[in-house]
Amino acid sequence: MRRLFMVAVAGLAVVAAAVIACGVVAPGSVPFAPGVAGGIAVRPGAPLPMLQDIDPEDLDPARDIPGVPPVALAPPGGAIVQSNGIRIPKPAMPTGPRRIGIQVGHWMTDQVPAELGKRITFQTGASWDGVDEVDVNMDVAERVKAQLTARGYIVDILPTTVPVGYIADVFVALHADSDGTGEKSGFKIAHGSRRGPYEDKLVSLLRDEYGKATGLDWDALGISRNMLAYFAFNWGRYQHAAAPHTPAAILEMGFLSNDYDRELMVDKADGVATAIVNGIQRFLDEVPRSKIFGEDLVVPQQRGFPSPSPRT
Ligand SMILES: [Zn+2]
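Residues numbered from 1 in each chain as written. Predicted model: local features only at pLDDT ≥ 70, side-chain atom pairs only at ≥ 80, totals over all residues. Heavy atoms only, no water.

Caption draft 1: Structural context of the overall build of the chain. A count of helical and extended segments in the chain gives seven helices and 12 strands. Per-residue burial over the chain gives 50% buried out of 312 residues. A separation of at least 24 residues holds for 83% of the contacts in the chain among residues at least 6 apart in sequence. Total accessible area on the chain stands at roughly 14,000 Å², and carbon and sulfur atoms take up 58% of it. (Helix = DSSP H or I, 4+ residues; strand = E, 2+ residues; numbered from the N terminus. Buried < 20%, exposed > 50% of the residue type's maximum accessible area, 1.4 Å probe, protein only. Contact = heavy atoms within 4.5 Å. Areas by Shrake-Rupley, 256 points an atom, 1.4 Å probe, with all protein chains shown as cover.)

Below you can see the structure in the form of structure tokens.
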């Protein structure tokens, strides 16, 4: 039985390779999972025929666990390779109060799983004038949690390691920047390039509320590949990531190296937290849970296509 299973997996790898080569699934492909039509089912955690979304700095093989470079993986709910892209089945509809995950950037970076290799452990965060980024991130995260909990929501404060296939109504990773000179000021927000249909809205609402409340400028030029391929929502590369359906963004709250920005984040942290809460609240108000988790996603096999759209 086990042997048969291994053969099936090997067979899938061959089919998957063919899909990469041809770009399409051959008509009449025989699905091996019951109930799946018009595509090839890929088991959770199995390799996906999908180009990875990689931060260029991440290409240094020295950052891999030897012999185990990350590969694109099917998320915990599995995936289906079909002619128009990769279908991610909708997850079970969550129940209970709406849930928000706030990741504290750089918290417990020394305890990451093997799939992240050595690429995260050295990222200890910015530090300036005796202030460490991880402490600022944690302080703001706890204030965000207090405010949202008071409104009846459930808030998870998450370390660097995100639970496998993390499901929430919103996920926001908190970070602060440094330019090494003290000159730059401003904030920026981004979502991944292979995400669900509601993340543009999440980013724009957060941007609107954060800018309004803090008075900081939008640092558009500062949005890096490093942010777009951020590991905590890069589900096509890592299992320890927000699920494809979880609306997710990374927020760089300001520059620790800038006197104005730092004072804002350190001395007016409650206001910074309120700005984030207001953005999250607007998103929750505008996008019901039934929409977020109500449809399969179909994402392109290659990066750089328009945002995926919901599909019934
Ligand atoms: Zn950071």
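Caption draft 2: How the structure looks around the sheet that holds strand 7 (residues 154-158). Reading across from one edge, 7-4-8-10-9 is the order of the five strands in this open sheet, with mixed pairing throughout. Strands at the two margins of the open sheet, each flanked by one partner only, are strand 7 and strand 9 (188-190). When strand polarity is set aside, the average angle formed by the axes of neighbouring strands in this sheet is 20°. Where strand 8 (residues 170-177) lies against strand 10 (residues 248-255), six bridges are found, and the strand directions are parallel. (Pairing = 2+ DSSP bridges. Axes fitted to C-alpha atoms, helices over the stretch in contact; angles between N-to-C directions.)

Caption draft 3: Helix 3 (residues 199-214), seen in detail. Compared with the 22 Å implied by 1.5 Å per residue over 16 residues, the 22 Å span of helix 3 between its first and last C-alpha is a close match. Listed as buried for helix 3 are Glu199, Leu202, Val203, Leu205, Leu206, Glu209, Tyr210, Gly211 and Thr214. Check the buried side of helix 3 and you find it contacts strand 8, strand 9, strand 10, helix 5 (259-267) and helix 6 (269-286). Following helix 3 by one or two positions, Gly215 has its phi on the positive side, about 75°. (Expected span 1.5 Å × (residues − 1).)

Caption draft 4: Highlighting the pairing of strand 8. Among the eight residues in strand 8, eight count as buried, and that is most of the element. The alternating pattern of strand 8 places Val170, Val172, Leu174 and Ala176 and Phe171, Ala173, His175 and Asp177 on opposite faces, both of which are buried. Here five bridges tie strand 4 (residues 99-104) to strand 8, and the two strands are oriented parallel to one another. If you follow Ile102 over to strand 8, its bridge partner there is Val172.

Caption draft 5: Just the coordination of the zinc ion, in detail. Coordination of the zinc ion by the protein involves His106 (NE2), Glu133 (OE), Glu133 (OE) and His175 (ND1), with metal-donor separations of 2.0 to 2.8 Å. Relative to the metal, the four donor atoms surrounding the zinc ion lie at angles of 51 to 143°, and the coordination shape comes out irregular. Summarised as a motif, the one-chain spacing of the donors to the zinc ion is H-x26-E-x41-H. In this pair, His106 sits in the loop between strand 4 and strand 5 (127-128) while Glu133 sits in helix 2 (residues 133-150), placing the two residues 27 residues apart along the sequence. For His106, a relative accessible area of 14% corresponds to the buried category. (Donors = N, O, S within 2.8 Å, 3.2 Å for Na, K, Ca; no water. Tetrahedral: all angles 85-135°; square planar, octahedral: opposite > 155°, others 65-115°.)

Caption draft 6: Up close: the pattern of salt bridges. On inspection of all chains with the given rule, the structure shows 14 salt bridges. The partner of Arg98 in a salt bridge is Asp169, with the nearest N and O atoms 3.1 Å apart. Placement of the pair is Arg98 in the loop between strand 3 (85-88) and strand 4 and Asp169 in the loop between strand 7 and strand 8, with a sequence separation of 71 residues. One salt bridge connects Arg99 with Asp156, and the closest N-O pair in it is separated by 2.7 Å. Of this pair, Arg99 sits in strand 4 while Asp156 sits in strand 7; the two residues are 57 residues apart in sequence, bridging distant segments of the chain. It is possible to trace a salt-bridge network through shared partners that takes in Asp208, Glu209, Lys212 and Arg282. (Salt bridge = Lys/Arg side-chain N within 4 Å of Asp/Glu carboxyl O.)

Caption draft 7: Up close: the pairing of strand 11 (residues 296-299). Side chains of strand 11 alternate between two faces, with Asp296 and Val298 and Leu297 and Val299 buried alike. Two elements, strand 3 and strand 11, share three bridges in a ladder whose sense is antiparallel. If you follow Ile88 over to strand 11, its bridge partner there is Leu297.

Caption draft 8: Structural detail: the packing of helix 3 against helix 6. Relative orientation of the contacting elements helix 3 and helix 6 amounts to 145°, with a least axis distance of 8 Å. The two elements helix 3 and helix 6 meet at a crossing, and its hand is right-handed. Taken together, the residues of helix 6 that come into contact with helix 3 (itself represented by Lys201, Leu202, Leu205, Leu206, Asp208, Glu209, Tyr210, Ala213 and Thr214) are Val272, Ala275, Ile276, Asn278, Gly279, Ile280, Arg282, Phe283 and Glu286. A breakdown of the residues in the contact of helix 3 with helix 6 according to their chemical character gives 10 nonpolar, three polar and five charged. (Left-handed = near helix turned anticlockwise from the far one by under 90°. Nonpolar A, V, L, I, M, F, W, Y, C, P; charged D, E, K, R; others polar.)

Caption draft 9: Region of interest: the environment of Leu284. The topology assignment puts Leu284 in helix 6. Taking the relative accessible area as the measure of exposure, Leu284 reaches 4% and is therefore buried. Discounting chain neighbours no more than four positions away, the residues touching Leu284 are Arg98, Ile100, Tyr153, Asp169 and Val170.

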